[in-house]
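Descriptive structure summary
Given next are the chains, with one letter for each unit.
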Amino acid sequence: MFSLIRKNSGPILRPDPARPWEAEGVFNPGIARVGDTVYMLYRAVGETEAYISHLGLAKSADGINFTRVGKLPIFGPSHDYDRWATEDPRITEIDGYFYITYVAVTGRILENGKPSQSNSVIETSTALLKTKDFVSFKELGIISPPGSDNKDIVLFPKKINGRYAMLHRPSNWVKNNDRFSLDGADIPNVPSIWISFSVDLILWTDHRLFLAVTEPLNAKIGPGLPPIETEEGWLIIYHQITEGATPYEFIYSARAALFDLQDPTKLIAQLPYDILTPKEPYEKENDLSASLPPAGYIKSVVFPTGGFIENDELFVYYGASDRYIGLATGSVKALLEELKAFSIK
């Protein structure tokens, strides 16, 4: 079996109490490697009363030891569509530009540390930024389909057959949802990963189910790292959420699959087990859970969101417990060989 190995004995980035906007959590980072520098764009939370997220920036020469850039967030809520949070950035380089997707939250999540009564159902969308230098950003607006309640959007790093491609996780596109408006027989029972295509990165069409849950206790799955091109196919590192042994217990883990380079809708191989699962104390913390009903709500979290390949080493950066950033690595050759053993016949 293949497993990612944690690079350090603990998180590689922790909350900084000296920066009030990130005092409660730094997690779920987008990653970009530019020459000898690794850029980390991370989600930061400063308080648990409203739980508003901003984006901070850190840099590293070795991909392990990061130094924060500046004392303030580099991006945060500024529009009606993201007025309560800018969350979970993913970064993809396409034709010399870095495109950043982030979850935009329109309504208050918490009020005085408890779920807000002003929004009984808070739907999220995903917005897109464009930059060359991580200093100035062009805001391209919302790119997720209206009413899809969409998170975890990642872009492929190049056009495929003349079109851009993305993976996304629409929570509303499931069976028995009367608001689901797309035609198609392969509608999942729970939120799953979809693929869609675009000519301009703004309007996305031709939505198809990409990867669905495979186990009875799966609560949902979603994209993790942006797709990585290898000689064997598109390497997809995604997250899986599994119901635990007790009510309201959920375990977030990382898995891997491989898709055809020319036709990314074609599944080549999929591992039937986790390649990273919460086991360290910092991956099983969940300070926020104590203030959220129902009592006993637990989340054990490794949530992969960014990474790259260097020689034969796969770097996977992940959020731990919605509070820290961890790093795990593994051999690309070994992972691809293991995937071959589980190829789709």
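Check the entry above for the structure.
Here is a short report on the structure shown in this document. (Residues numbered from 1 in each chain as written. Predicted model: local features only at pLDDT ≥ 70, side-chain atom pairs only at ≥ 80, totals over all residues. Heavy atoms only, no water.)

1. Observations concerning the overall build of the chain
Along its length, the chain carries two helices and 23 strands. Computed over C-alpha atoms, the radius of gyration of the chain comes to 19 Å, within 12% of the 20 Å expected from 2.2 N^0.38 for 345 residues, which places it in the range of a compact globule. Taking the principal axes of its C-alpha atoms as reference, the chain extends roughly 50 × 50 × 45 Å. Out of the 345 residues belonging to the chain, those deemed buried represent 55%. (Helix = DSSP H or I, 4+ residues; strand = E, 2+ residues; numbered from the N terminus. Rg over C-alpha atoms; globule rule 2.2 N^0.38 Å. Buried < 20%, exposed > 50% of the residue type's maximum accessible area, 1.4 Å probe, protein only.)

2. Some details on the sheet that holds strand S4 (residues 53-60)
Strand order in the open sheet formed by four strands is S2-S3-S4-S5, and the pairing between neighbours is antiparallel. Strands at the two margins of the open sheet, each flanked by one partner only, are strand S2 (25-34) and strand S5 (66-68). Averaged over all neighbouring strand pairs, the angle between strand axes comes to 30 degrees, with direction disregarded. Across eight bridges, S2 lies against strand S3 (residues 37-45) in antiparallel orientation. Within the sheet, the bridge partner assigned to Gly-30 lies in S3 and is Leu-41. (Pairing = 2+ DSSP bridges. Axes fitted to C-alpha atoms, helices over the stretch in contact; angles between N-to-C directions.)

3. Details of helix H2 (residues 332-340)
Within H2, the full set of buried residues consists of Val-332, Leu-335, Leu-336, Glu-338 and Leu-339. Down the axis of H2, the sector holding all buried residues measures 160 degrees, keeping them to one side. (Arc of directions from axis to C-beta.)

4. Section: the sheet that holds strand S12 (residues 150-155)
Strand order in this open sheet of four strands is S12-S13-S14-S15, and the pairing throughout is antiparallel. This sheet does not close on itself; its edge strands, each paired only once, are S12 and strand S15 (205-211). Taken pair by pair, the neighbouring strands of this sheet meet at an average axis angle of 30 degrees, ignoring direction. Here four bridges tie S12 to strand S13 (residues 164-170), and the two strands are oriented antiparallel to one another. In the sheet register, Val-154 faces S13, and the bridge partner there is Leu-167.

5. Considerations on the environment of Thr-106
Within the secondary structure layout, Thr-106 lies in the loop between strand S7 (97-105) and strand S8 (110-111). Given a relative accessible area of 37%, Thr-106 falls into the partly exposed group. Put simply, Thr-106 and Thr-86 are 20 residues apart on the chain and 9.7 Å apart in space, counted from C-alpha to C-alpha. Excluding its chain neighbours within four sequence positions, the residues that come into contact with Thr-106 are Asp-80, Tyr-81, Arg-83, Trp-84 and Glu-123. (Contact = heavy atoms within 4.5 Å.)

6. A word on the nonpolar core
A general tendency of soluble globular proteins is for nonpolar side chains to be buried together. Residues Leu-4, Leu-235, Ile-237, Ile-275, Leu-314, Leu-335 and Leu-339 are the most contacted members of the largest nonpolar core, which totals 26 residues. Residue assignment for this core shows that the elements contributing at least two residues are strand S18 (233-243), strand S19 (249-259), strand S22 (313-320), strand S23 (324-331) and H2. The residues touching Leu-335, leaving out its near neighbours within four places in the chain, are Phe-2, Leu-235, Ile-237, Ala-256, Leu-271 and Leu-314. Counting residues in each nonpolar core, the second largest holds 17 residues, with Val-38, Met-40, Phe-66 and Phe-315 among its members. (Core = buried A, V, L, I, M, F, W, Y, C linked by side-chain atoms within 4.5 Å.)

7. A word on the pairing of S3
Among the nine residues in S3, eight count as buried, and that is most of the element. Where S2 folds back onto S3 in an antiparallel hairpin, the turn is made up of two residues, including Gly-35, whose phi is positive at roughly 65 degrees.

8. Quick notes on the environment of Ile-187
Among the structural elements, Ile-187 can be located in the loop between S13 and strand S14 (193-198). Residue Ile-187 is classed as buried on the basis of its relative accessible area, which comes to 19%. The spacing of Ile-187 and Leu-41 is 146 residues in sequence and 33 Å in space, taken between C-alpha atoms. When near neighbours in sequence (up to four residues on either side) are disregarded, Ile-187 contacts Trp-173, Val-174, Lys-175 and Phe-180.

9. Concerning unusual backbone geometry
Its identity is not glycine, yet Asn-176 carries a phi of approximately 65 degrees, on the positive side. Residues other than glycine seldom take positive phi values, yet Leu-201 does so here, at roughly 70 degrees. Judged by its relative accessible area of 4%, Leu-201 falls in the buried class.

10. Re the environment of Asn-189
The topology assignment puts Asn-189 in the loop between S13 and S14. Separated by 75 residues in sequence, Asn-189 and Pro-264 place their C-alpha atoms 22 Å apart.

11. What about the packing of aromatic side chains?
All chains considered together, the criterion is met by 16 aromatic pairs. Note on Phe-210 and Phe-259: the rings are 3.8 Å apart at their centroids and 20 degrees apart in plane angle, and the pair reads as stacked. Of this pair, Phe-210 sits in strand S15 while Phe-259 is found in strand S19, placing the two residues 49 residues apart along the sequence. For the pair Phe-210 and Phe-259, one class covers both residues: buried. Relative to Tyr-324, the ring of Tyr-282 lies with its centre 6.5 Å away and its plane at 90 degrees, an arrangement referred to as edge-to-face. Here Tyr-324 lies in strand S23 and Tyr-282 lies in helix H1 (residues 281-284), a separation of 42 residues in the sequence. Overall, Tyr-282 belongs to the buried group, its relative accessible area being 8%. On the accessibility criterion, Tyr-324 (7% relative accessible area) is buried. Put simply, the rings of Phe-66, Phe-308, Phe-315 and Tyr-317 touch in pairs and so form one group of aromatic residues. (Phe/Tyr/Trp six-rings, centres within 6.5 Å; stacked < 30°, edge-to-face > 60°.)

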